[in-house]
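Letter by letter, the chains look like this.
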Amino acid sequence: MELQKLREASEKAVAFFTRQLDDGGRLRSGEVAGDLGAVYKLPTLLIFTGNGRLAQKVLTDIKTRFMQKDGDFVSYPDRTGHSRKSDSQPLTVHWPYMNAWVAMAAHRLGRFDISYPAWQFLQKFYNPQVGGFGTSGHYDVTPSTSEGSVLWSGGSRYDVGILITAHLALAALFFGDVEKAKSSGDLLVRMVDQQPALDQYFLLHVDGETGQLVQEGPADHRLFYRLLTTEPNECFYQLGYPVYFLHHLYQATGQGKYLHTAEKILDFLLTCHDGFYTNFLSHKAAWGACLVAMATGKDKYRQMCARCVKHLLSLQTSEGDMLRELGPMASLDQSAEISLWLCEIANALIDKDVI
């Protein structure tokens, strides 16, 4: 597949988003304009595509409307409970997820007025008992608050997930905290090595006190706790991001165990239902597979990336957005993310014309 098609898709997405923003970098209108979940990935897409000035505007708007005094970001500060974060249920479950996207984008642009307070808040999720980051709550023994309202009262009992650990550990690399990144990477190595039934499923969390794999999460959170090999509509991004992070940690440390673990995760995904290749939630895995293919020279990962990318490109409308059937916020969210990974894949393969 020609890489120019990936670049054109990301540029078309930027043109779409530019039309949706006012002169101050804010969504002009719509039912989701007041939710951070609609724009938190947009600064990263704009940076990757060379639109730093617009990224600055969007970041300033995010700071003005969503940033709290403690460095957290919430969409609806007047609400109570988990719904303060967003109207998106996955984003309320993975509380620090949006924060880390904003923190790293701001850091790339030298917006330290945003990035450093954001990183100070994110460090509260680090669990020194097991070496990763909590999915939903701070690691402390007293209730944690955000702007005067209880967020998720703290404690090591919060499960530590593979997605949030990888995401916040990547942020740790950005902020120079290599020790937190390495301890998180070591946790991911253990999680992969301890999987009891990779021919059937992958367990995505460990207990925040014992470090043991969690066999069953809350009933309504199954997709976030266990990825099944037999189902086509799994949350494959839960494993794509760890591959991405582990590759970067390998770059930072030179320790082969991290790259080897990334390969093990990709090899598991290769055994999953063929729907993996037509599921838009494989976008992070496509990017991770590209990186590991470059690092190892193994064609099976290149082919994985190429098959995913072919489907991702097919999702874009003539106007530049994607997945309108998911609703406004999810469409904006996924349009930004898919486009930025397509851009990253094209940018990474600088000495090639095709995948």
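Fair warning: this is a prediction, and the values are worked out from it, not measured in the lab.

Novice: Mind laying out empty space enclosed by the protein, listing which residues take part and the relevant values?
Specialist: Summed over all chains, the structure comprises two cavities of 30 Å³ or more. Taken as a whole, the largest cavity spans an internal volume of roughly 90 Å³. Lining of the largest cavity is provided by 13 residues; of these, Thr44, Trp101, Met104, Arg108 and Tyr244 occupy positions nearest its centre. Elements supplying a minimum of two residues to the lining of the largest cavity: helix H2 (42-48), helix H5 (97-108), helix H7 (162-174), helix H10 (237-253) and helix H14 (328-348).

Novice: Describe in detail H14, supporting the description with residues and values.
Specialist: Helix length check: H14 (21 residues) gives 30 Å between terminal C-alpha atoms against 30 Å at 1.5 Å per residue, within 8%. In terms of residue burial, H14 counts as a mostly covered element, since 18 of its 21 residues are buried.

Novice: Give me the pattern of salt bridges: which residues, what numbers.
Specialist: Inspection of the entire model under this criterion finds 20 salt bridges. We note a salt bridge from Asp333 to Lys41, for which the minimum N-O separation is 2.6 Å. With Asp333 in helix H14 and Lys41 in the loop between helix H1 (3-20) and H2, the pair connects residues that are 292 residues apart, well separated along the chain. Here the two residues Asp333 and Lys41 agree in accessibility, since each one is buried. Of the charged contacts in the structure, one is a salt bridge between Asp61 and Arg65, with a shortest N-O distance of 2.9 Å. Highlighted residues: Asp61 and Arg65, both in helix H3 (residues 52-66), separated by four residues, approximately one helical turn. With a relative accessible area of 7%, Asp61 lands in the buried category. Taking the relative accessible area as the measure of exposure, Arg65 reaches 22% and is therefore partly exposed. Taken together, the shared-partner salt bridges connect Lys41, Lys284, Asp333 and Glu337 into one network.

Novice: Can you break down the nonpolar core residue by residue, with the values?
Specialist: Counting residues in each nonpolar core, the largest one holds 133 residues, and the members touching the most others are Leu6, Phe73, Leu239, Phe245, Leu269, Ile345 and Ile355. Of all the elements, H14 adds the most residues to this core, at 11 residues. Setting aside chain neighbours within four positions, we find Leu239 in contact with Ile162, Phe202, Leu204, Leu227, Ile265, Phe268 and Leu269.

Novice: Could you give me a rundown of unusual backbone geometry, with the residues and numbers involved?
Specialist: Located in the positive-phi region is Leu323, a residue other than glycine, with phi close to 55°. Relative to the helices and strands, Leu323 resides in the loop between helix H13 (299-314) and H14.

Novice: How would you sum up the confidence of the model for the protein chain? Please name residues and give values.
Specialist: With 94% of its residues at a pLDDT of 70 or more, the protein chain shows a mean pLDDT of 93. Every residue in residues 141-156 scores below 50 in pLDDT, and together they form 45 contacts with partners more than four places removed in sequence or on other chains.

Novice: Kindly report on the layout of surface pockets, identifying the contributing residues and their values.
Specialist: In this structure, the largest pocket encloses a volume near 580 Å³. Lining the largest pocket are 32 residues, with Pro90, Tyr237, Leu281, Asp333 and Gln334 positioned closest to its centre. For the lining of the largest pocket, the secondary structure elements donating two or more residues are helix H4 (89-93), helix H9 (222-225), helix H12 (283-296) and H14. Considering every element that reaches the lining of the largest pocket, the biggest residue donor is H14, with five residues. The volume enclosed by the second largest pocket comes to roughly 230 Å³. Around the second largest pocket sit 14 residues that line it, and Phe16, Gln20, Val32, Pro328 and Leu332 are the ones nearest its centre. For the lining of the second largest pocket, the secondary-structure elements that each account for two or more residues are H1 and H14. No other element matches the three residues that H14 contributes to the lining of the second largest pocket. Tallied by class, the residues present in the lining of the second largest pocket amount to five nonpolar, five polar and four charged.

Novice: Tell me about the side chain of His221, and please be specific about residues and values.
Specialist: Structurally, His221 can be placed in the loop between strand E7 (205-206) and H9. Residue His221 is classed as buried on the basis of its relative accessible area, which comes to 16%. Filtering out sequence-adjacent residues up to four positions away, His221 remains in contact with Gln89 and Val93.

Novice: Lay out the packing of helix H11 (residues 256-270) against H13 with the relevant residues and their values.
Specialist: Interaxial distance between H11 and H13 falls to 11 Å at its minimum, and their mutual angle equals 60°. Here H11 is positioned oblique relative to H13, judged by the angle of their axes. Regarding H11 and H13, the two cross each other, and that crossing is left-handed. Contacts between H11 and H13 pair Glu263, Leu266, Asp267, Leu269 and Leu270 from the former with Lys300, Tyr301 and Met304 from the latter. By residue class, the composition of the contact of H11 with H13 is five nonpolar, no polar and three charged.

Novice: Tell me what's going on with helix H6 (residues 112-122), and back it up with residues and numbers.
Specialist: Inspection of H6 places Ile114, Ser115, Ala118, Trp119, Phe121 and Leu122 among the buried residues, and these make up the whole buried set. Each buried residue of H6 sits inside an arc of 155° when the element is viewed along its axis, so together they form one side. The elements touched by buried residues of H6 are H3, H5, strand E1 (126-127), strand E2 (132-133) and H7.

What counts, and at which threshold
- Residues numbered from 1 in each chain as written.
- Predicted model: local features only at pLDDT ≥ 70, side-chain atom pairs only at ≥ 80, totals over all residues.
- Heavy atoms only, no water.
- 1 Å grid on protein atoms, 1.4 Å probe; cavity = no way out; pocket = protein on both sides within 12 Å on 5 of 7 lines; lining within 4 Å.
- Points joined across faces, edges and corners; volume = space filled by probe spheres on them.
- Helix = DSSP H or I, 4+ residues; strand = E, 2+ residues; numbered from the N terminus.
- Expected span 1.5 Å × (residues − 1).
- Buried < 20%, exposed > 50% of the residue type's maximum accessible area, 1.4 Å probe, protein only.
- Salt bridge = Lys/Arg side-chain N within 4 Å of Asp/Glu carboxyl O.
- Core = buried A, V, L, I, M, F, W, Y, C linked by side-chain atoms within 4.5 Å.
- Contact = heavy atoms within 4.5 Å.
- pLDDT = per-residue confidence, 0-100.
- Nonpolar A, V, L, I, M, F, W, Y, C, P; charged D, E, K, R; others polar.
- Axes fitted to C-alpha atoms, helices over the stretch in contact; angles between N-to-C directions.
- Parallel < 35°, antiparallel > 145°, perpendicular 65-115°, else oblique.
- Left-handed = near helix turned anticlockwise from the far one by under 90°.
- Arc of directions from axis to C-beta.

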